[in-house]
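So you can see what is in the structure, the chains are spelled out below.
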Amino acid sequence: MTGLGTIIQWPAEAIWEAVSPLLPTFSVEVVPEIDSTNTELMRRARAGQLEPVLLVAERQSAGRGRLGRTWSSGVGNAHAGMPLPSLTFSLGLPLAPNDWSGLSLAVGLSVVQSLHPALQLKWPNDVWLQDRKLAGILIETASVGDVRYAVVGVGINILTRDVQGLSTPPAALRELLPATDAPTALAQVAAPLVHAIRRFETEGFAPLRTAFHTRDLLYGRELVCSDGVTGMARGVDASGALLVHTEQGLKKITSAEVSVRPVPAPASSAHQP
């Protein structure tokens with residue numbers, strides 16, 4: 001395990017102790033700066049390094065999100081004792097589920113369940129607080145021989161951040177948990193996430209459908225999808241596909257390249273007695 005040498009006290013050993021019985025070759029690494037934790041673990045996987053690992057970066061210089069978007073980890077100074085504005089990490093491990101459908105939903109569900117009851121999920125896996133984005137998730141895989149290696153990247157806003165240049169207003173975890181910081185959030189999220197992914201590997205998404213419904217930000221809201229589909233969100237099916245009730249009937253949205261945004265509610269007019 002690495003990560004010593006900064007004044008931030010990362011819970012690397014506690015996470016390792018919680019996960020190693022499930023993944024005996026598991027390791028935890030914390031680095032001061034890297035281009036992208038996902039990019040690094042994908043590089044390693046393609047080079048044949050397929051051991052399970054949790055890679056945490058105090059700062060990313062080229063963080064990535066879904067659909068080719070960038071993910072900024074903000075600017076903090078761990079060595080000067082300043083709190084990190086965000087938590088960014090990637091979990092890499094060999095994975096062999098019977099069906100990969102719904103993995104991103106299972107990951108998102110694990111994150112919100114670990115953090116706070118007020119958090120919701122915007123399909124397929126963004127974490128939102130009151131119609132503002134608090135966390136993003138990026139899942140990538142690499143096939144090396146007969147092994148498929150999954151890299152699950154998570155970025156969580158800890159502190160309030162600048163809204164300039166962002167298409168979606170950001171939220172911060174400290175709005176809900178004023179005393180929290182990046183190491184505390186990591187301690188809450190990491191081990192349960194490993195267990196959730198291993199459960200998904202054996203059971204799939206179907207057993208999680210009811211739990212996802214309780215956190216579904218979109219359910220019952222009018223949607224406009226980037227592929228032109230419009231209608232009302234009606235939850236997800238047993239495979240994790242988004243169900244949209246359209247004028248032509250119920251449509252399933254499964255593509256990771258579909259961006260879904262709720263239609264803003266119309267301003268209510270004042271009632272005149």
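Worth saying up front: this structure is predicted, and the values here are computed from it rather than measured.

Engineer: Before we go on, may I ask you to explain the overall build of the chain in this structure?
Structural biologist: A tally of regular secondary structure across the chain gives five helices and 12 strands. Here the analysis covers contacts within the chain between residues at least 6 apart in sequence; of these, 66% occur between residues at least 24 apart. As displayed, the chain offers around 13000 Å² of accessible surface, 53% of which is attributable to carbon and sulfur atoms.

Engineer: Help me understand unusual backbone geometry in this model?
Structural biologist: Phi is mostly negative for residues that are not glycine, and the peptide bonds are mostly trans. In this model, Trp-123 is joined to Pro-124 through a cis peptide bond whose omega is 5°. Along the chain, the position of Pro-124 falls in the loop between β4 (120-122) and β5 (126-129). Positive phi is not limited to glycine here, since Asp-131 has a value of about 65°. As for its position among the elements, Asp-131 is in the loop between β5 and β6 (132-144). For Asp-131, a relative accessible area of 35% gives the class partly exposed.

Engineer: Help me understand the pairing of strand β3 (residues 86-94), please; the structure alone is not making it clear to me.
Structural biologist: Strand residues, when the strand is regular, have side chains that alternate between the two faces of the sheet. With eight of its nine residues buried, β3 lies for the most part within the structure. As paired elements, strand β2 (residues 53-57) and β3 share five bridges and run antiparallel to each other. Note on β3: the bridge partner recorded for Leu-54 is Leu-91. The pairing of β3 with strand β7 (residues 147-157) spans nine bridges and is classified as antiparallel. The partner of Leu-91 across the bridge, within β7, is Val-152.

Engineer: Would you take a moment to explain the sheet that holds strand β1 (residues 27-31) for this structure?
Structural biologist: Strands in a sheet are paired, the pairing made by backbone hydrogen bonds, and the direction either parallel or antiparallel. Read across the sheet, seven strands follow the order β1-β2-β3-β7-β6-β5-β4 without closing on themselves; strand pairing throughout is mixed. Each edge of the sheet is formed by a strand with only one pairing partner; in this case those strands are β1 and β4. The average undirected angle you get between the axes of adjacent strands in this sheet is 20°. Bridge count between β6 and β7: 10 bridges; the pairing is antiparallel. Bridging across to β7, Ile-139 finds its partner in Val-152.

Engineer: Where do I start with the environment of Ser-104 in this structure?
Structural biologist: Its place among the elements puts Ser-104 in helix α3 (residues 103-115). Ser-104 has contacts with Pro-124, Asn-125 and Ile-139, leaving out every residue within four places of it along the chain.

Engineer: Can you help me understand the nonpolar core in this one?
Structural biologist: Note on soluble globular proteins: their nonpolar side chains tend to be buried together. The biggest cluster of nonpolar side chains holds 66 residues, and the ones touching the most others in it are Trp-10, Leu-54, Leu-87, Phe-89, Trp-123, Ile-156 and Leu-186. Considering each element in turn, this core owes the most residues, 10 residues, to helix α4 (residues 182-203). Apart from the residues within four sequence positions on either side, Leu-87 is in contact with Trp-10, Val-56, Val-154, Gly-155, Ile-156, Ile-158, Ala-182, Ala-185 and Leu-186.

Procedures and definitions
- Residues numbered from 1 in each chain as written.
- Predicted model: local features only at pLDDT ≥ 70, side-chain atom pairs only at ≥ 80, totals over all residues.
- Heavy atoms only, no water.
- Helix = DSSP H or I, 4+ residues; strand = E, 2+ residues; numbered from the N terminus.
- Contact = heavy atoms within 4.5 Å.
- Areas by Shrake-Rupley, 256 points an atom, 1.4 Å probe, with all protein chains shown as cover.
- Buried < 20%, exposed > 50% of the residue type's maximum accessible area, 1.4 Å probe, protein only.
- Pairing = 2+ DSSP bridges.
- Axes fitted to C-alpha atoms, helices over the stretch in contact; angles between N-to-C directions.
- Core = buried A, V, L, I, M, F, W, Y, C linked by side-chain atoms within 4.5 Å.

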